[in-house]
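Structural overview for review
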Amino acid sequence: MKHPVFNIHLFYNIIVCNLLILNLSGIVLAKDTDRPNILFCIADDASYPHMGAYGCTWVKTPGFDRIASEGLLFTRCYTPNAKCAPSRACILTGRNSWQLEEACNHWCFFPTKFKTYAEVLTESGYHVGKTGKGWAPGIAKDNKGKPRQMTGKPFDKLHKQPPTKAISKNDYAGNFAAFLEDQPADQPFCFWYGSTEPHRGYEYGSGIEKGGKSIEQIDKVPPFWPDNPVTRTDMLDYAFEIEHFDNHLNQMLDLLEEKGQLDNTLVVVTADNGMPFPRVKGQEYEYSNHLPLAIMWPAGIKKPGRKIEDFVSFIDFAPTFLDVANVDGTKLGMQPITGTSLLPIFKSEKSGQVVPDRDFVLIGKERHDIGRPNDEGYPIRGIVRGDFLYLKNFMPDRWPAGNPETGYLNCDGSPTKSDLLGLRTQPDLAYYWEISFGKRPAEEFYNIRQDPYCLTNLAESETYQKQMDQLRTEMTNRLTEQQDPRILGKGEVFDQYPYANAGERGFYERYMGGEKIKAGWVNPSDFEPAPLD
């Protein structure tokens, strides 16, 4: 019997061809053990100042603070769009929300054409999973009508008794441990930890009763709310839920350390948008879009402990993850990415401003929650450069937080909101209602270094006209380059995209027509008895 002859040349050619195929497809040629793990941690509704590393004393966040001290603390991180679904869409695609068609809106049908970094890393040899809230709320299906795993395979089976009834039962850290147990030995991992804290609702008084806090600990109440026990108690409940998020983060870090995986894990911690209070979440002010960010990667970040003042946008996360994984997303079906990798900052040893051209961010919104006639949104575009924020309100005749007669639906129900609504008819205190819920001018301009609460609109000041004109022009030019339909005169398309939740679609007309339709994220008392215009 003759044995087959081994053809070394044929074998070599096969190997070369396979390597070329892998290379052309965007899949990495480096060993999987060389590629870092990725742990992305995102709180649900937490503003920039409210982490211990930023000097906040009434919120205790040892997990976040550890990442900042052993990694990098960023002081100028912004989401392009301060609402859950569009903010997360920017993270996942590396594109600004106005470049994402329906996904610019909250509660949308996510277009199949926009592939996520998690889907690409799954195809590129990563073990990818998530626990808690991924991309949401909305509907995301593939071309065959099957639900997409936008942030990876779900790991949500393990539950734990939460400290309050308002906090999720999800044992985030336990589910992360289950994910790691499922990890093949030869694969790096990419995990999305999406807590549902500090999203509303809260158990009123839990920060005091269960967190051991006192209202005197709060050094300053933002001046767009009245400084009273109701507001302070609400803020402490919010703080208590941030601490729950951070507690699970800390457990995840300890677990990685125990398993010897922390050194080569890129850990990114942030929040999707600002705190769920009036004039913050769902708007486009400093407290709305400016978010916490700390990044740790012992094996990949030089000179840890630095404070970084470069502007960072959420669209920079996807290209960073693909960069460290050595994956070309476009070769695997992602749409062109607008953001830029943070790797040069990791490789630098500088503090302060590291990359000179990271000196601005673009922000904006379309439809968030419903509650206006015809499910219309409140379109805004803006730019932050240096110490200044410029905002263009395209439809100043609309109510920015939603129509009063339908509950101001783009502002979550809360003790603080209820308190503010009760001040509308009190002449001495109506100011608080006006700045949170009243109509706004077509243009706003703020010095956010001197006025981080965005209370003094400089748009009419002759002193600042030149600076405002420059920012308006720059914003318009950059958005034109990005083919923003709103800037190109086609902005009505965002209002025409259907609201994906059919049970709430057409809310205004249905509610005003007498239908008993609920909006579970606000209180029944939030609805004004009649229109205010």
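Everything numeric here is computed off the predicted structure, so don't read it as measured data. (Residues numbered from 1 in each chain as written. Predicted model: local features only at pLDDT ≥ 70, side-chain atom pairs only at ≥ 80, totals over all residues. Heavy atoms only, no water.)

Right, let's talk about the overall build of the protein chain for a bit. A count of helical and extended segments in the protein chain gives 15 helices and 15 strands. Expressed as a percentage of the 533 residues in the protein chain, the buried residues total 59%. In the protein chain, the proportion of contacts linking residues at least 24 apart, taken out of those at least 6 apart, comes to 75%. Counting every atom, the protein chain has about 21,400 Å² of accessible surface; 53% of that belongs to carbon and sulfur. Seen as two clouds, the 59 positive and the 70 negative side-chain charges of the protein chain have centres 4 Å apart. (Helix = DSSP H or I, 4+ residues; strand = E, 2+ residues; numbered from the N terminus. Buried < 20%, exposed > 50% of the residue type's maximum accessible area, 1.4 Å probe, protein only. Contact = heavy atoms within 4.5 Å. Areas by Shrake-Rupley, 256 points an atom, 1.4 Å probe, with all protein chains shown as cover. Lys, Arg positive; Asp, Glu negative; His and termini not counted. Charge placed at Lys NZ, Arg CZ, Asp CG, Glu CD.)

With that settled, consider the pairing of strand β7 (residues 189-194). The element β7 is extensively covered by neighbouring structure, given that 6 of its 6 residues are classed as buried. Along β7, one buried face is formed by Phe189, Phe191 and Tyr193 and the opposite face, lined by Cys190, Trp192 and Gly194, is buried too. Strand direction decides the pairing type here: strand β4 (residues 127-132) and β7, joined by 6 bridges, are parallel. The partner of Gly129 across the bridge, within β7, is Phe191. (Pairing = 2+ DSSP bridges.)

To continue, consider the sheet that holds strand β13 (residues 380-385). Strand order in the open sheet formed by 4 strands is β12-β13-β14-β15, with antiparallel pairing between adjacent strands. Looking at strand neighbours, the two that pair on one side only are β12 (360-365) and β15 (443-447), the edges of this open sheet. Neighbour to neighbour, the strand axes of the sheet diverge by 15° on average, direction disregarded. Bridge analysis of strand β14 (residues 388-393) against β15 gives 5 bridges, and the strand direction is antiparallel. Across the sheet, Tyr390 pairs through a bridge with Phe445, a residue of β15. (Axes fitted to C-alpha atoms, helices over the stretch in contact; angles between N-to-C directions.)

Moving on to the layout of surface pockets. Taken as a whole, the largest pocket spans an internal volume of roughly 530 Å³. Lining the largest pocket are 22 residues, with Tyr48, Thr75, Glu286, His290 and Pro452 positioned closest to its centre. Within the residue set of the lining of the largest pocket, elements represented by two or more residues are β2 (72-78) and α8 (286-289). Per-element tally for the lining of the largest pocket: the top contributor is β2, with 4 residues. (1 Å grid on protein atoms, 1.4 Å probe; cavity = no way out; pocket = protein on both sides within 12 Å on 5 of 7 lines; lining within 4 Å. Points joined across faces, edges and corners; volume = space filled by probe spheres on them.)

Another aspect to go through is the packing of helix α2 (residues 62-70) against helix α7 (residues 229-258). Between α2 and α7, whose axes approach to 7 Å, the crossing angle comes to 55°. As judged from the angle between their axes, α2 and α7 are oblique. Between α2 and α7, the contacting residues are Pro62, Gly63, Phe64, Arg66 and Ile67 on the first element and Asp246, Leu249, Asn250, Leu253, Asp254 and Glu257 on the second. A per-class count over the contact of α2 with α7 returns 5 nonpolar, 2 polar and 4 charged. (Parallel < 35°, antiparallel > 145°, perpendicular 65-115°, else oblique. Nonpolar A, V, L, I, M, F, W, Y, C, P; charged D, E, K, R; others polar.)

Taken as a whole and judged by the stated rule, the model has 36 aromatic pairs. Ring plane angle 70° and centroid distance 6.0 Å describe the contact between Phe40 and Phe321, whose orientation is recorded as edge-to-face. In this pair, Phe40 sits in strand β1 (residues 37-43) while Phe321 sits in helix α9 (residues 317-325), placing the two residues 281 residues apart along the sequence. The same class applies to Phe40 as to Phe321, namely buried. Here the aromatic rings of Phe314 and Phe317 are separated by 5.3 Å at their centres, their planes lie at 40°, and the arrangement is tilted. (Phe/Tyr/Trp six-rings, centres within 6.5 Å; stacked < 30°, edge-to-face > 60°.)

Let us now look at the nonpolar core. Soluble globular proteins: nonpolar side chains tend toward being buried together. Core analysis: the largest hydrophobic core is formed by 60 residues, its most contacted members being Leu39, Trp58, Phe176, Trp225 and Val267. Residue contributions to this core peak at 11 residues, all from α7. One finds Ile91, Tyr117, Ala140 and Val268 within the second-largest nonpolar core, a separate group that totals 53 residues. (Core = buried A, V, L, I, M, F, W, Y, C linked by side-chain atoms within 4.5 Å.)

What follows covers the confidence of the model for the protein chain. On average, residues of the protein chain carry a pLDDT of 94, and 94% of them reach 70 or more. Segment residues 1-30: pLDDT under 50, and 19 contacts once partners within four positions in sequence are set aside and those in other chains are kept. (pLDDT = per-residue confidence, 0-100.)

It is worth spelling out the pattern of salt bridges at this point. Counted by the stated rule, this structure contains 36 salt bridges. Here Glu257 ties to Arg66 by a salt bridge, and the two come within 3.1 Å at their closest N and O atoms. Placement of the pair is Glu257 in helix α7 and Arg66 in helix α2, with a sequence separation of 191 residues. Residue classification places Glu257 among the partly exposed positions, given a relative accessible area of 45%. Residue classification places Arg66 among the buried positions, given a relative accessible area of 15%. (Salt bridge = Lys/Arg side-chain N within 4 Å of Asp/Glu carboxyl O.)

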